[in-house]
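# Topology and contacts: notes
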Protein chains: 2
Amino acid sequence: MSVWEALVELDRTRPRVGDQLVGALREAITRGRLAPGTRLPSTRDLALDLGVSRGLVVGAYEQLAAEGRLVSRRGSGTVVAEVVTALPRQRGEAVERRTAVAPLRPGVPDLGAFPRTAWRRAYETALTSALDADFDYGDATGVPRLRSELSAYLGRVRAALVPPEGLIVTAGVTQGLALLARVLLARGHRRIALEDPGPAALRDHLRRLGMEVVPVPVDEDGVDIGALSRTRTRAVVLTPAHQFPTGVVLAPGRRADVIAWSRRVDGLVIEDDYDAEYRYDREPVACLQGLAPDRVALVGSVSKVLAPGLRLGWLAAPPPWLTDLCAAKHDADNGGPALQQLAFAEFLSGGGYDRHLRRARRLHRERRDAVVAALRRHVPRARIGGIAAGLHLVIELPPGTDDVALAERAAEEGLAPLALSTLRIRKGGTRGLVLGYAAHTPHELTTAVRKLATLL
Amino acid sequence: MSVWEALVELDRTRPRVGDQLVGALREAITRGRLAPGTRLPSTRDLALDLGVSRGLVVGAYEQLAAEGRLVSRRGSGTVVAEVVTALPRQRGEAVERRTAVAPLRPGVPDLGAFPRTAWRRAYETALTSALDADFDYGDATGVPRLRSELSAYLGRVRAALVPPEGLIVTAGVTQGLALLARVLLARGHRRIALEDPGPAALRDHLRRLGMEVVPVPVDEDGVDIGALSRTRTRAVVLTPAHQFPTGVVLAPGRRADVIAWSRRVDGLVIEDDYDAEYRYDREPVACLQGLAPDRVALVGSVSKVLAPGLRLGWLAAPPPWLTDLCAAKHDADNGGPALQQLAFAEFLSGGGYDRHLRRARRLHRERRDAVVAALRRHVPRARIGGIAAGLHLVIELPPGTDDVALAERAAEEGLAPLALSTLRIRKGGTRGLVLGYAAHTPHELTTAVRKLATLL
């Protein structure tokens, strides 16, 4: 028995002897039994030693050379490569950890309800039917088929008025806003108006991108258009269908007013349609974009319907902004993943998205009802708001309540409500908590509310 | 027969009567036979009329309401919605069209060789084994499992020295460069040095992002480090393994010199490792990053191995730049698609990537040989360069040749070589053509070269 036969144990009675050979050599290299610089026998000699065909040895050497584990030098044969091993190092900052969703955390759908089977089928169909050209560098604004499907979907479900050519497929609302901010800055907008209260992440994101954010108060009819006019900004981000966090709907009169404002100041309205598909006890609220496609940029995503992890969204760009936004998308990443985009087009056209939405809506309504019932029972004095739609509701707390301390105490108990105070740009105003209900069962939610009640 | 029975034709002998009902109602609405505002019968009445269960009608109404085609009003029943139809409009700019790859176009692999079956398996495994938490907002720098696999892959194949925590999964080299440019600008770098000649797209991209590009000449040993020092820039983009377009390798002495330069000026070297996995007749050229992980940012992608359409790449960020680059990625798009990242991790760990690379390398070598043979035969006086690696080669043409006009004439013949002149920042220098050979068969390539020869 040669030394190589001892080093490379092959079982010729089992299939795929070639793979066995690659595996055995790889392991010998990785474990140091074949040290860097070790010269290997010629393919002919090793084949003779091991009693296998020479082609099999040639294949194994090639595979290991492809992996960088062997080096073939002309004239001096094949040697084990000097491979530098990467040593783990600590990252200097906190790495976001993936944990299960804590009860009452707003802004996330039921991740366990992701339609894995239907999505797998859509992806397979996309992969099978893709043209070779679909694997090439494509249109940075998204595969044409998805833009067509999205145009139709947004038309019929959100009453948006956007042709496929006016849509940019994005990696989600974050990217949509980043592209808009880049173009706004390039056109001299330094300030942007935001609803107050509103998502802290939006405020911080726009500030990091270099914009000054200007708060505009929200009342029961939505954002205050008079106050918006007085900001002297020319761009605003709104959530007309379901304001975050209050849950109010922008009143019809104010819709007309905000569009009139945008025309007067030659400005831009950015409509964040973040959870507009979820409405429970009332008519759908059409999006603002359909009323003034030349003035409103609509940003949306599948994050609240399917899953944030897909990183898939859209931006309906008003014609005067379209060319610059397309260029910004091109410069940012030269487009998104084609296969996933084709899979989503398939999922939309086959009705899978509507079916999932219908199921999710029923599920969420049940969950909302459970939270409302538990609140009425355990926190009877709390005023509950924003329950007609969305994935969260708001409870108002008595003046003087420290909602931030309360949210912190809740976090210690494993709950994740948001304090209303942290969502305000201007200090003051009603204290309260934002409670998400989409990601947990009625039973889990009832338990969570009972636990929360003991802290109040 | 009621009017509804006529409008909604159901075939009770076929399965899925519910789907038939939804389809029939949807079509009646879309085609205008049920006009906006039309009141539908109660679910009980329609069920009686059609002889189906009431639950089936309730389901159909819900589906169509989910699609925005029906509106349920409390007290006044269900009516057909006012749906605004999106009208197609012309986009104001040219839309990039998806066409098959033209012969001799550089920079694209054989798209027909995309391993659809193996990729489908990897995606399925990822989808099946994903945790619910994988569908949540995740780490913007990429799923941890992929960063681990990439760290190991880059270590063994490219001799990179980067821990998983030092990697950012990107949407490709374009995004890697966009993130780097943002952080460079934020740190006061206004100027960046580029190899001359080099890709026109890189030069234009960095200019659009707001940087001044400074050319540095390339000779047979790679970029001229003396000239680099004289630019007084503190950042440079290099292609050390296989310079684009000349194909030269950065010589060992110059590797040491460029690292010394980066330490002296407290600067940053950006290594674009764009097709380094393809080497045919010589030892692998390790990447520069492994020699100075604190000074070199390595950008790479799967575009030249698997497909550009996946939009999947990486950025090995030097520790002093890591935190800012992670923040930039977070602000740009809050991370990439989790399922595709998990699928790629699976593909890497299962050896599918190495196997594909091995096959592709063999294929490309054959194709390169075909182009070289055809050139020697049909354009015997052309000097051929850069043939040892990559997906393209360069032919030098006699001084005075108008290579731009030549490339244009070739384009009229359906060929897509690049003129060397268009790749220069500073005018002048050798004239020639860059010929890609990865995406076509030897026979197609031979025909293309013969056609090209008639134009020379």
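On a predicted model such as this, the values are computed, not experimentally measured, just so you know.

### With respect to unusual backbone geometry
All names here are of chain A. A cis amide bond, omega 5 degrees, links Phe-244 with the succeeding residue Pro-245. For Leu-104, which is not glycine, the phi torsion reads 75 degrees and is therefore positive. By secondary structure assignment, the location of Leu-104 is in the loop between β2 (77-80) and α5 (116-129). On the basis of relative accessibility, which here comes to 0%, the residue Leu-104 falls in the buried class.

### Some points on the packing of aromatic side chains
Taken as a whole, this structure holds 15 aromatic pairs over all chains when the rule is applied. Ring centres of Phe244(A) and Tyr274(A) lie 5.9 Å apart, and the angle between their planes is 85 degrees; on these two criteria the pair is classed as edge-to-face. With Phe244(A) in the loop between β7 (235-238) and α10 (252-264) and Tyr274(A) in the loop between β8 (268-272) and β9 (296-301), this residue pair connects regions lying 30 residues apart in the sequence. Each member of the pair Phe244(A) and Tyr274(A) is classed as buried. Aromatic side chains Trp119(B) and Phe347(B) sit 5.6 Å apart centroid to centroid with 70 degrees between the ring planes, which places their arrangement in the edge-to-face category. Of this pair, Trp119(B) sits in helix α5 (residues 116-129) while Phe347(B) sits in helix α12 (residues 338-349), and the two are 228 residues apart along the sequence. Each member of the pair, Trp119(B) as well as Phe347(B), is classed as buried. An aromatic cluster is defined as three or more aromatic residues linked by ring pairs; in this entry it consists of Phe114(A), Trp119(A), Tyr153(A), Phe344(A), Phe347(A), Tyr353(A) and Phe135(B). Directly above the ring of Trp321(A) sits Arg187(A), whose terminal nitrogen or CZ lies 4.3 Å from the centroid.

### What about a negative patch on the surface?
On the surface, Asp402(A), Glu408(A), Glu412(A) and Glu413(A) cluster together into a negatively charged patch. Mapped onto the elements of the fold, Asp402(A) is located in the loop between β12 (392-397) and α14 (403-412).

### Describing the state of the cysteines
Residues and elements named next belong to chain A. Tallied over the entire structure, the rule returns zero disulfides over all chains. Cys-287 carries a free sulfur, and the closest cysteine sulfur to it, the one in Cys-326, is 19 Å from it. Owing to a relative accessible area of 2%, Cys-287 belongs among the buried residues under this scheme.

### Section: helix α15 (residues 442-455) of chain A
Residues and elements named next belong to chain A. When the terminal C-alpha atoms of α15 are compared, their 20 Å separation across 14 residues agrees well with the 20 Å that a helix rising 1.5 Å per residue should span. Looking at α15, one finds that the buried residues are Leu-445, Ala-448, Val-449, Leu-452, Ala-453 and Leu-455. Taken around the axis of α15, the buried residues stretch over an arc of 145 degrees, which confines them to a single face. Exposed and facing more than 90 degrees away from the buried side of α15 are His-443 and Thr-454.

### Things to note about the environment of Arg377(B)
All names here are of chain B. Mapped onto the elements of the fold, Arg-377 is located in helix α13 (residues 352-378). The exposure class assigned to Arg-377 is exposed, which follows from its relative accessible area of 67%. Note: C-alpha distance between Arg-377 and Trp-314 (63 residues apart in sequence) is 41 Å.

### Describing the sheet that holds strand β3 (residues 167-170) of chain B
Residue and element names in this part refer to chain B. Strand order in the open sheet formed by eight strands is β3-β10-β9-β8-β7-β4-β5-β6, and the pairing between neighbours is mixed. The open sheet has two free edges, formed respectively by β3 and β6 (222-223), since each of these has just one partner strand. For strand β7 (residues 235-238) and strand β8 (residues 268-272), the ladder comprises four bridges, and the chain directions are parallel. Paired with Val-236 across the bridge in β8 is Val-269. On top of the sheet, helix α10 (residues 252-264) reaches β5 (212-219), β6, β7 and β8; it is set at about 140 degrees to β8, its chief contact. Sheet strands in contact with helix α11 (residues 319-333) are β3, β8 and β10 (313-316), and its direction is about 25 degrees off that of β3.

### Comments concerning the nonpolar core
Counting residues in each nonpolar core, the largest one holds 142 residues, and the members touching the most others are Trp119(A), Phe344(A), Tyr353(A), Trp119(B), Phe344(B) and Tyr353(B). Setting aside residues up to four positions removed in sequence, Tyr353(B) forms contacts with Tyr153(B), Glu277(B), Ser301(B), Val302(B), Val305(B), Leu306(B), Trp314(B), Phe344(B), Phe347(B) and Leu348(B). Ranked by size, the runner-up nonpolar core spans 32 residues in total, among them Leu179(A), Val299(A), Ala328(A) and Ile425(A).

### With respect to the pairing of strand β10 (residues 313-316) of chain A
Within a regular beta strand, the side chains point alternately toward one face of the sheet and then the other, so they alternate between its two faces. Residues and elements named next belong to chain A. A two-sided burial pattern is seen for β10, the buried positions comprising Gly-313 and Leu-315 on one face and Trp-314 and Ala-316 on the other. With four bridges connecting them, β9 and β10 associate as antiparallel partners. Pairing of Gly-300 across the sheet is with Trp-314, part of β10.

### Thoughts on the relation of the copies chain B and chain A
Superposing chain B onto chain A requires a rotation of 180 degrees together with a translation of 0.0 Å along the rotation axis, leaving an RMSD of 0.1 Å. What we have between these two chains is a two-fold relation. Here 100% of the contact residues of chain B are again contact residues in chain A; the copies associate through an equivalent surface.

Calculation rules
Residues numbered from 1 in each chain as written. Chains lettered and ligands numbered in written order. Predicted model: local features only at pLDDT ≥ 70, side-chain atom pairs only at ≥ 80, totals over all residues. Heavy atoms only, no water. Helix = DSSP H or I, 4+ residues; strand = E, 2+ residues; numbered from the N terminus. Buried < 20%, exposed > 50% of the residue type's maximum accessible area, 1.4 Å probe, protein only. Phe/Tyr/Trp six-rings, centres within 6.5 Å; stacked < 30°, edge-to-face > 60°. Lys NZ or Arg CZ within 6 Å of the ring centre and 35° of its normal. Patch = residues over 30% accessible without salt bridge, like charges linked within 9 Å, V, L, I, M, F, W, Y side chains within 5 Å. Areas by Shrake-Rupley, 256 points an atom, 1.4 Å probe, with all protein chains shown as cover. Salt bridge = Lys/Arg side-chain N within 4 Å of Asp/Glu carboxyl O. Lys, Arg positive; Asp, Glu negative; His and termini not counted. Charge placed at Lys NZ, Arg CZ, Asp CG, Glu CD. Disulfide = S-S within 2.5 Å. Expected span 1.5 Å × (residues − 1). Arc of directions from axis to C-beta. Pairing = 2+ DSSP bridges. Contact = heavy atoms within 4.5 Å. Axes fitted to C-alpha atoms, helices over the stretch in contact; angles between N-to-C directions. Core = buried A, V, L, I, M, F, W, Y, C linked by side-chain atoms within 4.5 Å. Least-squares fit on C-alpha atoms with pLDDT ≥ 70 in both.

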